[in-house]
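The primary structure of each chain is shown beneath.
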Protein chains: 2
Amino acid sequence: MGLKALDYETMNENVKKVQYAVRGELYLRASELQKEGKKYMKSTVCWGSMHFHIIFTNVGNPQALGQKPLTFPRQVVALCQAPFLLDDPNVGLIFPADAIARAKHYLSLTSGGLGAYSDSRGIPGVRKEVAEFIERRDGYPSDPELIFLTDGASKGVMQILNCIIRGQGDGVLVPVPQYPLYSATISLFGGSLVPYYLEETANWGLDVNNLRESVAQARFKGITVRAMVIINPGNPTGQCLSEANLREILNFCYQENLVLLGDEVYQQNIYQDERPFISSRKVLMDMGPPISKDVQLVSFHTVSKGYWGECGQRGGYFEMTNIPPKTVDEIYKIASISLSPNVPAQIFMGLMVNPLKPGDVSYDQFVRESKGILESLRRRARIMTDGFNSCKNVVCNFTEGAMYSFPQLRLPPKAIEAAKQAGKVPDVFYCLKLLEATGISTVPGSGFGQKEGVFHLRTTILPAEEDMPEIMSSFKKFNDEFMAQYEDNWNRSRM
Amino acid sequence: MGLKALDYETMNENVKKVQYAVRGELYLRASELQKEGKKYMKSTVCWGSMHFHIIFTNVGNPQALGQKPLTFPRQVVALCQAPFLLDDPNVGLIFPADAIARAKHYLSLTSGGLGAYSDSRGIPGVRKEVAEFIERRDGYPSDPELIFLTDGASKGVMQILNCIIRGQGDGVLVPVPQYPLYSATISLFGGSLVPYYLEETANWGLDVNNLRESVAQARFKGITVRAMVIINPGNPTGQCLSEANLREILNFCYQENLVLLGDEVYQQNIYQDERPFISSRKVLMDMGPPISKDVQLVSFHTVSKGYWGECGQRGGYFEMTNIPPKTVDEIYKIASISLSPNVPAQIFMGLMVNPLKPGDVSYDQFVRESKGILESLRRRARIMTDGFNSCKNVVCNFTEGAMYSFPQLRLPPKAIEAAKQAGKVPDVFYCLKLLEATGISTVPGSGFGQKEGVFHLRTTILPAEEDMPEIMSSFKKFNDEFMAQYEDNWNRSRM
């Protein structure tokens, strides 16, 4: 018989072209090592009854590395899952009154509880809570009809890019380094990624001249640049964009007629006070007409990141600004094909944007838990970047926000040569060796894009704080030995 | 300024081409009427504190129409959401011991509870439970590595079609009438739908000669037919395919080198005993080599349908048979882009495929609740098809399975003329009038496809059983008046 539609040779080429390093070669190898039961650290990181022999820092997945969920939202969603408990005379023995009240509130917003499909845009009452959150955050009103809830932010990004990309001639400006969701989705939809480089020496800032150059080069190749992605705070780079930078970007989008996709999923993860998070939408509104009435902006948020870290629930939203109603209808129609985002995560989103207030029974516990996580993340960001900077041939910008460190690895020529011999990209070679030696599962910088001849790795700052010193010293030991092993030629060639 | 990427005029044409009638014009009008607070029925259908003035029978969404969730799975998932309750000395006062044990079991299968991303294919331990379920059902072993959990079956269907469809020259055989997920997804991915007609007079059976003809016609147009969809039990048609029919289909796929997509989401919804559900996979395995080793089959299932009706949770799986490992890797990679299906629904899937056993504390309640729902659905299937058959110019096959009735409407020529005047497709015209007059929100047959000049509507059999007599008499009153109003010409023209 001949080839069939699901034989590799005849599959959709766009599917085959996709690369997704966050769960790529390194992750697969780490999963194998975990299956084999390999042990690395003297003490193992524990959660419940699980023991982690491999430290999975490849993906921002806080609860997989021991972060406990916030109690209050879990109580509310548990009650929504089991609404019959609300009639149980004993419910008050294990659930606080405000959780019970909130569960009743959210159930009243649904049409049939968590087991019924919601509207394909999400529950209207929750979208209203999101709009109120945005209004409080930015100081400008937001319209719930322009907010769609999604199964995590990634799904929202994919929906919007699907509307934008018509074919290979359509380009999307994406920062390099970038989160590979963007490169993967653009490949999948058959579009063209137009890279613009972030400046590592300027703390991963964005130079608008680079943008102009990228667009000019793309046009020269016959590509119509239709949209621009920013990730703020940055992934994998961890920087917070300044207001001035955001203004330049919005001005650029205005001049070039670009849709701006604002990936703002790390807006709650800020580890310094000098540069707070500012939303693209606030800056856009501040700029006033004509720009504020013209630039098409879609902003993304999630319950996965922040200090909530509720990744497994898969909840997100996007908000549309200056998108024409007919387009909104089309996006609604496409969302309808899969009927509705999962309803439990919609409740999590409501709880995240409409948190407890002082005076609520559970308020103090909620604040204590939230602060505990955020302050620990702030300390871990410091421990990690300091740790990297103490290593041979490693330099790392401070993680201002998000949940990643992205140290540069100055690999000696002999290491690059050895990688070539092994048929590996140099940073993949380094990261595989690191994994085998220490159990630390990272993502090579080549998975995010980087300038020619420059190498990085990305790690989350999420391992438990008490394990950090051991992880960093294990890293340092491996790195310094690796660098020494390949370095003699390197030093000589530099003299 | 010129047009932007999210202006309607310049959007991806494939997005604009998509039609999705289940949440189309009728649904939008029904939502408007609900917002306006229109009341129709003497008694209103209630769930919790919600009052339904509009009877939404447009989508199979049981819990939105008052079906109560099964208690046991909700208890387990509530406990998984609130794992701290497992340490609470009072937990036994409101949760039974088997729910507590099950929650511990599922938490032990995760890496960090419900808040952590799982593997992109789903939790390995749950996929193992699915494989065991399939083995018990079919009598053939199933491999957990070939089972992927998804956010509902729709998302799985979309993933697989994305791998199959390379462009307009690729065709997928889809039954007509069909569930519009298929037509919508094929449009979205820029492929070609190749229709094959189900025979209404043969109880919506499938004639393989029709299939051959469809393929021949498509080839004549230069289309490469790559896959075939079957929906069994049928949506919107409600039939169960016989074993003989499934053999013919698999033989046809073997001869024509087609991937078979088996949409089997209604496998638990069977309302007669003569024709039980048989899975495509069992029939394929029964056929033996070479066919059983050759035909590429992907089968879909869900927690949304069945008597569980947990639509809002968005849980599903697909199982792959005879799909080469390299292709499985590609599908895994694409699944990775959105990191993981939502974890709570994975637990629901585990519970559904691995239910309580006799002797478990909650077993009797679980069986009582399950039987109650299934037996009531069986009665409602009968009430509804009998009701339709008692109406003027309406004929309806019995609903053997799934959750829909799909009556044929023999519209008089004057009604067709009036629809034309109103700028509507005739069955859309009828369904809009029905909605305005009775509050019953259905989907016109044209949304599913039907033979030229033949008209239908689809309604779910899900309204509460006690409301059924009133709904059907309200329908009959509307229909018989509608038919009488437009009928005089009709009768004369037939004489």
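How each quantity is defined
Residues numbered from 1 in each chain as written. Chains lettered and ligands numbered in written order. Predicted model: local features only at pLDDT ≥ 70, side-chain atom pairs only at ≥ 80, totals over all residues. Heavy atoms only, no water. 1 Å grid on protein atoms, 1.4 Å probe; cavity = no way out; pocket = protein on both sides within 12 Å on 5 of 7 lines; lining within 4 Å. Points joined across faces, edges and corners; volume = space filled by probe spheres on them. Helix = DSSP H or I, 4+ residues; strand = E, 2+ residues; numbered from the N terminus. Least-squares fit on C-alpha atoms with pLDDT ≥ 70 in both. Contact = heavy atoms within 4.5 Å. Pairing = 2+ DSSP bridges. Axes fitted to C-alpha atoms, helices over the stretch in contact; angles between N-to-C directions. Parallel < 35°, antiparallel > 145°, perpendicular 65-115°, else oblique. Left-handed = near helix turned anticlockwise from the far one by under 90°. Nonpolar A, V, L, I, M, F, W, Y, C, P; charged D, E, K, R; others polar. Buried area = accessible area lost by both parts, 1.4 Å probe. Salt bridge = Lys/Arg side-chain N within 4 Å of Asp/Glu carboxyl O. Polar contact = N/O pair within 3.5 Å; in protein donor to acceptor, adjacent residues only side chain to side chain. UniProt positions renumbered as here; feature names shortened; annotations may be inferred. Buried < 20%, exposed > 50% of the residue type's maximum accessible area, 1.4 Å probe, protein only. Phe/Tyr/Trp six-rings, centres within 6.5 Å; stacked < 30°, edge-to-face > 60°. Lys NZ or Arg CZ within 6 Å of the ring centre and 35° of its normal.

Asks: Would you mind showing me how to read empty space enclosed by the protein here?
Replies: Empty space among the atoms becomes visible once a probe the size of a water molecule is rolled across them. Throughout the structure, instances matching the rule amount to 12 cavities of 30 Å³ or more. In this structure, the largest cavity encloses a volume near 380 Å³. Lining the largest cavity we find 18 residues, and of these K155 and M158 of chain A together with K155, M158 and F189 of chain B sit closest to its centre. Counting residues per element, the ones that place at least two in the lining of the largest cavity are α7 (153-164) and α13 (325-337) of chain A together with α7 (153-164) and α12 (325-337) of chain B.

Asks: Even after reading the chapter, I still don't get the relation of the copies chain A and chain B, so can you show me in this structure?
Replies: Between the two copies of the chain lies a relationship made up of a rotation around an axis and a movement along it. With an RMSD of 0.0 Å, the fit of chain A onto chain B corresponds to turning through 180 degrees and sliding 0.0 Å along the axis. Between the two chains, the operation in question is that of a two-fold axis. For chain A, the smallest separation between a C-alpha atom and the rotation axis is recorded for A78 of chain A, amounting to 2.1 Å. Of all interface residues in chain A, 99% are interface residues in chain B too; the two copies therefore contact each other through one and the same surface.

Asks: Would you mind going over the sheet that holds strand β8 (residues 224-231) of chain B with me for this structure?
Replies: Sheet strands line up and pair through hydrogen bonds in the backbone, either parallel or antiparallel. Residue and element names in this part refer to chain B. Pairing within the open sheet is mixed, and its eight strands lie in the order β4-β11-β10-β9-β8-β5-β6-β7. The sheet is open, and its two edges are formed by β4 (147-150) and β7 (205-206), each paired on a single side. Taken strand by strand, helix α6 (residues 124-138) contacts β4, β10 (297-302) and β11 (316-321), and its axis lies near 115 degrees from that of β4. Contacting β5 (170-176), β7, β8 and β9 (259-263), helix α10 (residues 243-256) runs over the sheet at an angle of about 165 degrees to β8.

Asks: Just checking my understanding: could you explain the packing of helix α6 (residues 124-138) of chain A against helix α14 (residues 343-353) of chain A for this structure?
Replies: Working note: a packed helix pair is described by the angle between its axes plus the distance between those axes. Residues and elements named next belong to chain A. It is at 9 Å that the axes of α6 and α14 come closest, and there the two elements cross at 30 degrees. Considering their axes alone, α6 and α14 lie roughly parallel with respect to each other. Read as a crossing pair, α6 and α14 show a hand that is left-handed. Seen from α6, the contacting residues are V126, E129, V130, F133 and R136; seen from α14, they are Q346, M349, G350 and V353. The residue makeup of the contact of α6 with α14, split by class, is five nonpolar, two polar and two charged.

Asks: What should I look at first to understand the interface of chain A and chain B in this one?
Replies: When the parts come together, some accessible area is lost, and that loss is often what is quoted as the size of the interface. Tallying the contact residues gives 106 residues for chain A and 107 residues for chain B. At the boundary of chain A with chain B, total buried surface from both sides reaches about 8900 Å², with 60% on carbon and sulfur atoms. Per-residue buried area on chain A facing chain B is highest for L6, Y117 and I337 of chain A; these three make up 10% of the total on that side. One can count four salt bridges joining chain A with chain B. Between D294 of chain B and K4 of chain A there is a salt bridge whose closest N-O contact spans 3.4 Å. For the interface between chain A and chain B, the tally reads 52 residue pairs in polar contact (both at pLDDT 80 or more). With eight residues, α13 of chain A is the largest single contributor of residues to the side of chain A that touches chain B.

Asks: What is the right way to read the UniProt feature "domain: Aminotransferase class I/classII large" (unreviewed entry) in chain A from this model?
Replies: On the UniProt side, "domain: Aminotransferase class I/classII large" (unreviewed entry) is annotated at positions that read residues 99-467 of chain A here. A helix fraction of 43% and a strand fraction of 17% characterise residues 99-467 of chain A, whose end C-alpha atoms lie 33 Å from each other.

Asks: Could you clarify how one ought to interpret the sheet that holds strand β7 (residues 205-206) of chain A in this entry?
Replies: Residues and elements named next belong to chain A. The sheet built from eight strands is open, its strands ordered β4-β11-β10-β9-β8-β5-β6-β7 with mixed pairing. At either margin of the open sheet sits one strand with a lone partner, and together these are β4 (147-150) and β7. When strand β8 (residues 224-231) meets strand β9 (residues 259-263), the two strands line up parallel, connected through five bridges. Bridge pairing links V229 to L261 in β9.

Asks: Explain unusual backbone geometry here, please?
Replies: Among all residues save glycine, negative phi is the norm, and among peptide bonds the norm is trans. The omega torsion across N235 of chain A and P236 of chain A is 10 degrees, close enough to zero to call that bond cis. On the secondary structure map, P236 of chain A appears in the loop between β8 and α10 (243-256). Residues other than glycine seldom take positive phi values, yet A402 of chain A does so here, at roughly 60 degrees. Look at A402 of chain A and you get buried, because its relative accessible area is 0%. Unlike most non-glycine residues, N393 of chain B shows phi in positive territory, near 60 degrees. Within the secondary structure layout, N393 of chain B lies in the loop between α14 (363-389) and β12 (394-395).

Asks: I tried to follow the pattern of salt bridges on my own but got confused; where do I start?
Replies: Side chains bearing opposite charge may pair, as long as their charged atoms lie close to each other. All names here are of chain A. Evaluation of the coordinates by the stated rule reveals 50 salt bridges over all chains. One salt bridge in this structure joins R219 and E256, with 2.8 Å as the shortest N-O distance. Here R219 is found in helix α9 (residues 208-220), whereas its partner E256 is found in helix α10, with 37 residues between them in sequence. By relative accessible area, which is 43% here, R219 ends up partly exposed. Here the residues in one salt-bridge network are R29, E32 and E436, joined through shared partners.

Asks: Hey, could you run me through the environment of Y486 of chain B in this one?
Replies: All names here are of chain B. Along the chain, the position of Y486 falls in the loop between α17 (468-485) and α18 (488-494). Judged by its relative accessible area of 10%, Y486 is buried. With 71 residues separating them along the chain, Y486 and A415 place their C-alpha atoms 5.4 Å apart. Ignoring anything within four residues of it in the chain, the contact list for Y486 reads P412, K414, A415, A418, F429 and K433.

Asks: Which parts of the structure should I look at to understand the packing of aromatic side chains?
Replies: One pair of aromatic rings is described through two measures. These are the centre distance and the angle between the planes. Counted under the stated rule, the structure contains 30 aromatic pairs over all chains. Taken together through their ring pairs, the aromatic side chains of F429, Y430, F478, F482 and Y486 of chain A make up a single cluster. We note K326 of chain A situated over the ring of Y8 of chain B; from NZ or CZ to the ring centre the distance is 4.2 Å. R382 of chain B extends its terminal NZ or CZ atom over the ring of F398 of chain B, reaching a point 4.1 Å from the ring centre.

Asks: Looking at this structure, how should I read the pairing of β5 of chain B?
Replies: The side chains of a regular strand alternate between the sheet's two faces. All names here are of chain B. Counting buried residues along β5, seven of its seven residues qualify, which places the element largely inside the surrounding structure. Burial along β5 is two-sided: the residues D170, V172, V174 and V176 and G171, L173 and P175 are all buried. Sheet topology note: the β5/β8 ladder contains four bridges and is parallel. Among the inter-strand pairings, D170 is bridged to a residue of β8, identified as T224. The pairing of β5 with strand β6 (residues 192-199) spans six bridges and is parallel. From the neighbouring strand, L173 faces β6, where its bridge partner is V194.

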